[in-house]
Amino acid sequence: MPKIRPITDLRNTNAISEICHESDEPVFITKNGYGDLVVMSMETYERQMALVEVYKKLAEAEAELANDTPLLKAEDVFRKLGAKYGRQGI
């Protein structure tokens, strides 16, 4: 369930910080009854950014498939990685 707080609650930054860390979700701040800001912990922000990066990479992969980009064989990829990083039999 999303946490929604009025902008006046930002006066008590410690309480907002606790809410952010306890819920591991963004806290939506309203101004005059309308959405205005989103506040979240650093951990939540980093998790969200990691998800955005995954979705971006998936979209790129789907675009490559749609453009009939030739696929690589897994064995070849692992052999090249093993050679590059000095590990054999990956």
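Please refer to the structure higher up on the page.
These notes cover the structure that comes with them. (Residues numbered from 1 in each chain as written. Predicted model: local features only at pLDDT ≥ 70, side-chain atom pairs only at ≥ 80, totals over all residues. Heavy atoms only, no water.)

## Remarks on a nonpolar patch on the surface
Here comes step 1: A contiguous nonpolar patch, built from Leu-72, Val-77, Phe-78, Leu-81 and Tyr-85 and spanning about 520 Å² of accessible area, is present on the exposed surface.
Here comes step 2: Tracing the backbone through its elements, the reader meets Leu-81 in helix α3 (residues 74–85).
Here comes step 3: Judged by relative accessible area, Leu-81 falls into the partly exposed class, the value being 37%. (Patch = residues over 30% accessible without salt bridge, like charges linked within 9 Å, V, L, I, M, F, W, Y side chains within 5 Å. Areas by Shrake-Rupley, 256 points an atom, 1.4 Å probe, with all protein chains shown as cover. Salt bridge = Lys/Arg side-chain N within 4 Å of Asp/Glu carboxyl O. Helix = DSSP H or I, 4+ residues; strand = E, 2+ residues; numbered from the N terminus. Buried < 20%, exposed > 50% of the residue type's maximum accessible area, 1.4 Å probe, protein only.)

## Digging into α3
Here comes step 1: With 12 residues, α3 should cover 16 Å at 1.5 Å per step; its first-to-last C-alpha distance of 16 Å lies within 8% of that length.
Here comes step 2: By the criterion of burial, α3 is predominantly exposed, with just one of the 12 residues buried.
Here comes step 3: Where α3 terminates, the next one or two residues include Gly-86, which has phi positive at roughly 75°. (Expected span 1.5 Å × (residues − 1).)

## Focus: the side chain of Thr-30
Here comes step 1: Its location among the elements puts Thr-30 in strand β2 (residues 27–31).
Here comes step 2: Residues in contact with Thr-30, not counting those within four places in the same chain, are Ile-4, Arg-5, Pro-6, Ile-7, Gly-35 and Asp-36. (Contact = heavy atoms within 4.5 Å.)

## Section: helix α1 (residues 13–23)
Here comes step 1: Among the residues making up α1, those that are buried are Ile-16, Ile-19, Cys-20 and Ser-23. For α1, the angular spread of the buried residues around the axis is 95°, confining them to a single face. Facing away from the buried side of α1 by more than 90 degrees, the exposed set consists of Asn-14 and Glu-22.
Here comes step 2: Close packing links the buried residues of α1 with β1 (3–6), β2 and β3 (34–39).
Here comes step 3: Directly beyond the C-terminal end of α1, a positive phi value near 55° is found at Asp-24. (Arc of directions from axis to C-beta.)

## Focus on the sheet that holds β3
Here comes step 1: A sheet is described by the order of its strands in space; here three strands give the open sequence β1-β2-β3, paired in mixed fashion. On the outer flanks of this sheet lie β1 and β3, each paired with one strand and no other. Here the average twist between neighbouring strands, direction ignored, is 35°.
Here comes step 2: Both β1 and β2 contribute to a ladder of four bridges, which runs parallel. (Pairing = 2+ DSSP bridges. Axes fitted to C-alpha atoms, helices over the stretch in contact; angles between N-to-C directions.)

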